[in-house]
Amino acid sequence: MTHPFLDLAPLSAAHFASIEDRVARLLDTAQDVVIMQGEALLPLEGAIRATAGPGTTALNVITGPYGQTFGDWLRDCGATVIDLAVPFHTAVTAAQIRAAFTEHPEIDFVSLVHAEAATGNTNPVAEIGAAVREQGALFYLDAVASVGAEPVLPDAWGVDLCVIGAQKAMGGPAGVSAVSVSERAWARMAANPRAPRRSYLSLLDWKERWVDGGRTALLHAPAQLEMLALEACVERIEAEGPKTVMARHASAAAATRAGTVALGGGLEPYVYEARDAAPVATTLRTPSGVPASDLVARALAADPTLPLAAGGGALAAEMIRVNHYGPAAAPGTVRGALTALGAALAERGLPVDLPAALHAADAAWR
């Protein structure tokens, strides 16, 4: 039996390195880029465990569930953690970061999620990066959801550890991820006796055996299909143009937001201000007494292909997420989601104006 996914020629070290180079160009970074052979949680956890320890004082910004996870990892590493939590319907500001530094001048590590797809907000990383540089702290950024949907510029923003994944705006698989690493971050890892070594979590293993070795011999057999899929993602973004891809995502967010407001029925954007809303996904607040999970189930019964989901955990009661990323960052996705949600609201006897919603969405598409 033959199949396009079987009997492939081995992925060479040179080919692997060339994909890393293309990811580096996408991020416009001169830092080392290491592609990790697993979902983005692998480099996200590995980077924290490599650079944080008992002597670390970390400012952990929480604008959604991933920020909460990072705080757990930091504490597990023995770091002193100062959580800066803001409501999930908004974004953190550079002024709040500076205020935390003033109160805790010992902070030497900052962890932040760029865009929280789970809550639909995005944070102003360029402004925050300037504040972090003033402090001289190491800056760790989760850009898994944002890459491809909005600019991600580790060098320009002073990000020392920038983790990305292929599965959202890049439109690729979940089984491969990457991290850009500054020289400061490598030095922090080398000085950390608790940094993972001889471990699948270890970034230092990649540094010493791959980067320092001239990228001629891989540590282990690569996840070949995922690597080829990541390469295809980058090729597609290059062909369409990164600015065009990001414009599609911004238009999808603007159209979803405008259409929701015009739809009525008590549905409204979860993130209050448009400037704080992520282009990768739009979150919506359901009317009082209408469980989000029930509304999503009704909408998906009409069209199971729609990228709709209820919020996770307690948010399942009040939040709907429209995942308009990758190929789904398109007018048809927005119109389909509005149509299905409008029908689900109407089934409950709530007044909706679908023609107005579709008109508003079309008008907002830039």
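What you are looking at is a predicted structure, and each value in this text was computed from that prediction instead of being measured.

Engineer: Describe in detail the sheet that holds strand S8 (residues 161-165), supporting the description with residues and values.
Structural biologist: Reading across the sheet, the 7 strands line up as S1-S9-S8-S7-S4-S2-S3 and stay open at both edges, with mixed pairing between neighbours. Edge strands, defined here as strands with exactly one partner in the open sheet, are strand S1 (32-36) and strand S3 (80-85). The sheet shows a mean angle of 15° between the axes of neighbouring strands, taken without regard to direction. For strand S7 (residues 138-142) and S8, the ladder comprises 3 bridges, and the chain directions are parallel. Each bridged residue has a counterpart across the sheet, and for Leu141 the counterpart in S8 is Cys162. Most of the contacts of helix H2 (residues 41-51) go to S7, to which it runs at about 165°, and overall it touches S1, strand S4 (109-113), S7, S8 and strand S9 (177-181).

Engineer: Go over the pairing of strand S11 (residues 282-285), please, and point to the residues and values.
Structural biologist: Alternating positions in S11 separate into two faces, Thr282 and Leu284 on one and Thr283 and Arg285 on the other, with burial throughout. The pairing of strand S10 (residues 268-269) with S11 spans 2 bridges and is antiparallel. Pairing of Glu268 across the sheet is with Arg285, part of S11. By the bridge criterion, 4 bridges tie S11 to strand S13 (residues 319-322) in an arrangement that is antiparallel. The residue of S13 that forms the bridge with Thr283 is Arg321.

Engineer: I'd like a description of the packing of aromatic side chains, backed by residues and values.
Structural biologist: All chains considered together, the criterion is met by 6 aromatic pairs. Look at Trp206 and Trp210: their rings are 6.3 Å apart centre to centre, the planes differ by 85°, and that puts the pair in the edge-to-face class. One end of the pair, Trp206, and the other, Trp210, are both in helix H8 (residues 203-211), 4 residues apart, so they sit about a helical turn from each other. Residue Trp206 is classed as buried on the basis of its relative accessible area, which comes to 4%. Using a relative accessible area of 0% as the deciding quantity, one classes Trp210 as buried. An aromatic cluster is present here, built from Phe70, Trp73, Phe109 and Tyr140 joined pairwise through their rings.

Engineer: Can you lay out the pairing of S1 for me, pointing to particular residues and giving the numbers?
Structural biologist: Burial runs high along S1: 4 of the 5 residues are buried. For S1 and S9, the ladder comprises 5 bridges, and the chain directions are antiparallel. Within S9, the residue paired with Met36 across the bridge is Ser177.

Engineer: Can you explain the packing of H2 against helix H3 (residues 65-76)? Please cite residues and give values.
Structural biologist: At their nearest, the axes of H2 and H3 sit 9 Å apart, and the two run at 40° to each other. Judged on the interaxial angle alone, H3 and H2 are oblique. Between H2 and H3 the crossing geometry is right-handed. On H3, the residues touching Leu41, Leu44, Glu45, Ile48 and Arg49 of H2 are Tyr66, Phe70, Trp73, Leu74 and Asp76. Of the residues that constitute the contact of H2 with H3, the class distribution is 7 nonpolar, no polar and 3 charged.

Engineer: If you had to explain unusual backbone geometry to someone new, which residues and values would you point to?
Structural biologist: At Arg198, a residue that is not glycine, the phi angle is positive and equals roughly 50°. Positionally, Arg198 belongs in the loop between helix H7 (183-190) and H8. A positive phi angle, close to 55°, is found at Arg215, a residue other than glycine.

Engineer: Lay out the side chain of Arg321 with the relevant residues and their values.
Structural biologist: Structurally, the position occupied by Arg321 is in strand S13. In terms of polar contacts, Arg321 uses its side chain to reach the side chain of Asn323, at 2.8 Å. Other than its neighbours up to four places away in sequence, Arg321 contacts Ala117, Ala118, Ala281, Thr282, Thr283, Pro307, Leu308, Ala309 and Ala310.

Engineer: Account for the pattern of salt bridges, with residues named and values stated.
Structural biologist: This model, assessed by the stated rule, comprises 21 salt bridges. Its salt-bridge partner being Glu268, residue Arg285 comes within 3.9 Å of it at the nearest N-O pair. Of this pair, Arg285 sits in strand S11 while Glu268 sits in strand S10, and the two are 17 residues apart along the sequence. On the basis of relative accessibility, which here comes to 15%, the residue Arg285 falls in the buried class. Its relative accessible area of 38% is what places Glu268 among the partly exposed residues. Two residues, Arg285 and Glu318, come together in a salt bridge whose shortest N-O distance is 3.4 Å. Residue Arg285 is found in strand S11, and its partner Glu318 is found in the loop between strand S12 (308-310) and S13; the two are separated by 33 residues along the sequence. Linked through salt bridges whose partners overlap, the residues forming this network are Arg22, Glu231, Glu235 and Glu238.

Engineer: Help me get a handle on the state of the cysteines, residues and values and all.
Structural biologist: Taken as a whole and assessed by the stated rule, the structure comprises 0 disulfides. Cys162 carries a free sulfur, and the closest cysteine sulfur to it, the one in Cys233, is 17 Å from it. Judged by relative accessible area, which is 1%, Cys162 ranks as buried.

Conventions used here
- Residues numbered from 1 in each chain as written.
- Predicted model: local features only at pLDDT ≥ 70, side-chain atom pairs only at ≥ 80, totals over all residues.
- Heavy atoms only, no water.
- Pairing = 2+ DSSP bridges.
- Helix = DSSP H or I, 4+ residues; strand = E, 2+ residues; numbered from the N terminus.
- Axes fitted to C-alpha atoms, helices over the stretch in contact; angles between N-to-C directions.
- Contact = heavy atoms within 4.5 Å.
- Buried < 20%, exposed > 50% of the residue type's maximum accessible area, 1.4 Å probe, protein only.
- Phe/Tyr/Trp six-rings, centres within 6.5 Å; stacked < 30°, edge-to-face > 60°.
- Parallel < 35°, antiparallel > 145°, perpendicular 65-115°, else oblique.
- Left-handed = near helix turned anticlockwise from the far one by under 90°.
- Nonpolar A, V, L, I, M, F, W, Y, C, P; charged D, E, K, R; others polar.
- Polar contact = N/O pair within 3.5 Å; in protein donor to acceptor, adjacent residues only side chain to side chain.
- Salt bridge = Lys/Arg side-chain N within 4 Å of Asp/Glu carboxyl O.
- Disulfide = S-S within 2.5 Å.

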